[in-house]
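# Remarks on the overall topology
So the chains spell out like this:
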Amino acid sequence: MKKQDLKNVTVNTDSTMNQTALSNPIIGYHTLDLLEGLKQSYWDTVNRIQEVKDMTRIWDEQRKEKLKNLNERKARIEFEFDEWSALVKEWVSEFPEKDALCGDIIVEYYCDINNYVVGKEPLKGALKLQDILDEVLCEKTAKNKSASNFKARIRTIALNLIE
């Protein structure tokens, strides 16, 4: 087989545009759901690590292998969470001045891997979104005090930023 000369390759601009879009993802409300999922995966892995450590009917080699795999998974999730939360923080910095408070709430709740609610109870030291809203939106004029209204407000902000 002959080697091809790749010096005179033309690039399809549509392909380049798609690659640019993939390397610069659009951040929005869906990304907050992604962060929530990453938090859940992280804490599920942490719990699984503890379960493996507590197992009594397992060989040491098996335990070491399982712990190694779980710790690698935990590290990958942490890395991915840090990357996405940095993108969300950058996205929030573009919010208009009137929505800066919403951006602060997003960063405080979604960009902290330790703010995770297991069932209805948060982890020790973690705050529910509603707790943060009650703390930050303490003014009587704040109409969007429920978590569902806040999420709707975030969607509106995201759509306005896209336009």
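Residues numbered from 1 in each chain as written. Predicted model: local features only at pLDDT ≥ 70, side-chain atom pairs only at ≥ 80, totals over all residues. Heavy atoms only, no water.

### With respect to the overall build of the protein
Just so we agree on the cut-off: Each helix is a run of DSSP H or I of at least 4 residues and each strand a run of E of at least 2, with the numbering of both proceeding from the N terminus. A 1.4 Å probe rolled over the protein chains alone gives each residue an accessible area, and that area as a share of the maximum for its type sets the label: buried under 20%, exposed over 50%, partly exposed in between. Contact criterion: two residues are considered in contact whenever any of their non-hydrogen atoms come within 4.5 Å of each other. Calculation of accessible area relied on Shrake-Rupley with a 1.4 Å probe; when residues are assessed, cover is drawn exclusively from the protein chains displayed.
Across its full length, the protein carries six helices and two strands. When the helices and strands of the protein are placed in sequence order, the string is α-α-α-α-β-β-α-α. Split into buried and exposed, the 163 residues of the protein put 28% on the buried side. Considering only residue pairs separated by 6 or more positions, the protein has 59% of its internal contacts joining residues 24 or more positions apart. Accessible surface for the protein amounts to roughly 11800 Å². Of this, 52% is attributable to carbon and sulfur atoms.

### Details of the packing of aromatic side chains
Which entries qualify depends on this criterion: For this analysis, a ring pair means two rings from Phe, Tyr or Trp (six-membered ring only for Trp) whose centres lie within 6.5 Å, classed as stacked if their planes differ by under 30 degrees, edge-to-face if by over 60, and tilted for the remaining angles. Working rule: Lys NZ or Arg CZ, within 6 Å of ring centre, within 35 degrees of ring normal, means a charge sits over the ring.
Following the criterion strictly, the structure yields three aromatic pairs and no others. Judged by centre distance (5.1 Å) and plane angle (90°), the ring pair of tyrosine 42 and tryptophan 43 falls under edge-to-face. One cation-aromatic arrangement involves lysine 39 over tyrosine 109; the distance from NZ or CZ to the ring centre is 4.4 Å.

### Notes on a negative patch on the surface
Under the convention used in this document: For patches, a residue must show more than 30% relative accessible area and have no salt bridge; joins then use 9 Å for like charges and 5 Å for nonpolar side chains, namely Val, Leu, Ile, Met, Phe, Trp and Tyr. In the sections that follow, a salt bridge refers to a side-chain nitrogen of Lys or Arg positioned within 4 Å of a carboxyl oxygen of Asp or Glu. Counting rule for charge: Lys and Arg are taken as positive, Asp and Glu as negative, and neither His nor the chain ends is counted. To locate a charge, take atom NZ for lysine, CZ for arginine, CG for aspartate or CD for glutamate.
Taken together, the side chains of Asp104, Glu108, Asp131, Asp134 and Glu135 make up a negatively charged region of the molecular surface. Of all the secondary structure elements, the ones that give two or more residues to the negative patch are α4 (100-110) and α5 (129-136). When residues in the negative patch are grouped by element, the largest group, three residues, is from α5.

### Details of the side chain of threonine 45
To keep things clear, this is the line we draw: Polar contact criterion, stated in full: a pair of N or O atoms within 3.5 Å, where within protein one must be able to donate a hydrogen and the other to accept it, and residues adjacent in sequence count only if both atoms are side-chain atoms.
In this fold, threonine 45 is placed in helix α2 (residues 29-54). Here the side chain of threonine 45 touches serine 41 through a polar contact of 2.7 Å, landing on its backbone oxygen. Leaving out residues up to four positions away in the same chain, threonine 45 has contacts with Leu70, Arg73, Lys74 and Ile77.

### Topic: α2
Formally: Multiply 1.5 Å by the residue count of a helix minus one, and that product is the helix's expected span.
Its 26 residues give α2 an end-to-end C-alpha distance of 38 Å, which sits within 8% of 38 Å, the value for a rise of 1.5 Å per residue. Along α2, the residues that are buried comprise Tyr29, Thr31, Leu32, Leu35, Leu38, Lys39, Tyr42, Trp43, Thr45, Ile49 and Val52.

### Side note on the confidence of the model for the protein
What counts, and what does not: For every residue, the predictor assigns a confidence score, pLDDT, that lies between 0 and 100.
Mean pLDDT for the protein: 77, with 71% of residues reaching 70 or above. Across the protein, the element-wise mean pLDDT spans from 45 in helix α1 (residues 13-23) up to 94 in helix α3 (residues 60-92). Counting interchain partners and residues more than four positions distant, the pLDDT-below-50 stretch residues 1-22 has one contact.

### Details of the packing of α2 against α3
So the rule is basically this: Note on definitions: angles span 0 to 180 degrees between N-to-C directions of axes, and those axes are lines fitted to C-alpha atoms, for helices only across the stretch in contact. In this scheme, roughly parallel covers angles under 35 degrees and roughly antiparallel covers those over 145, while 65 to 115 is roughly perpendicular and the rest are oblique. Left-handed describes a crossing whose near helix is turned anticlockwise from the far helix by less than a right angle; the clockwise case is right-handed. Note on residue classes: Ala, Val, Leu, Ile, Met, Phe, Trp, Tyr, Cys and Pro are nonpolar, Asp, Glu, Lys and Arg are charged, and everything else, Gly too, is polar.
The geometry of α2 relative to α3 is characterised by a closest axis approach of 9 Å and an angle of 160° between their N-to-C directions. By the angle between their axes, α2 is roughly antiparallel relative to α3. Of the two elements, α2 crosses α3, and the hand of that crossing is left-handed. Of the residues contributing to the contact of α2 with α3, the split by class is 16 nonpolar, five polar and nine charged.

### Digging into the environment of aspartate 131
Mapped onto the secondary structure, aspartate 131 falls in helix α5. When the C-alpha atoms of aspartate 131 and tyrosine 109 are compared, they prove to be 9.8 Å apart, with 22 residues separating the residues in sequence.

### Considerations on the side chain of arginine 63
Locating arginine 63 in the fold gives a position in helix α3. Although arginine 63 is buried, it makes no salt bridge; aspartate 60 carries the closest opposite charge, 4.2 Å away. A distance of 2.8 Å separates a polar side-chain atom of arginine 63 from the backbone oxygen of methionine 55. Other than its neighbours up to four places away in sequence, arginine 63 contacts Val52, Lys53, Met55 and Ile58.

### A word on the pattern of salt bridges
One pass over the structure, following the stated rule, counts three salt bridges. Among the salt bridges present, the one from glutamate 51 reaches arginine 48, with a minimum N-O distance of 3.2 Å. Here glutamate 51 pairs with arginine 48, and both are found in helix α2, just three residues apart, close to one helical turn. Taking relative accessible area as the criterion, glutamate 51 reaches 44% and is therefore assigned partly exposed. According to the relative accessible area criterion, arginine 48 is partly exposed, its value standing at 29%. The closest approach of N and O atoms between glutamate 72 and lysine 68, which form a salt bridge, is 3.9 Å. Here the residue glutamate 72 and the residue lysine 68 both occupy positions in helix α3, the gap between them amounting to four residues, near one helical turn.

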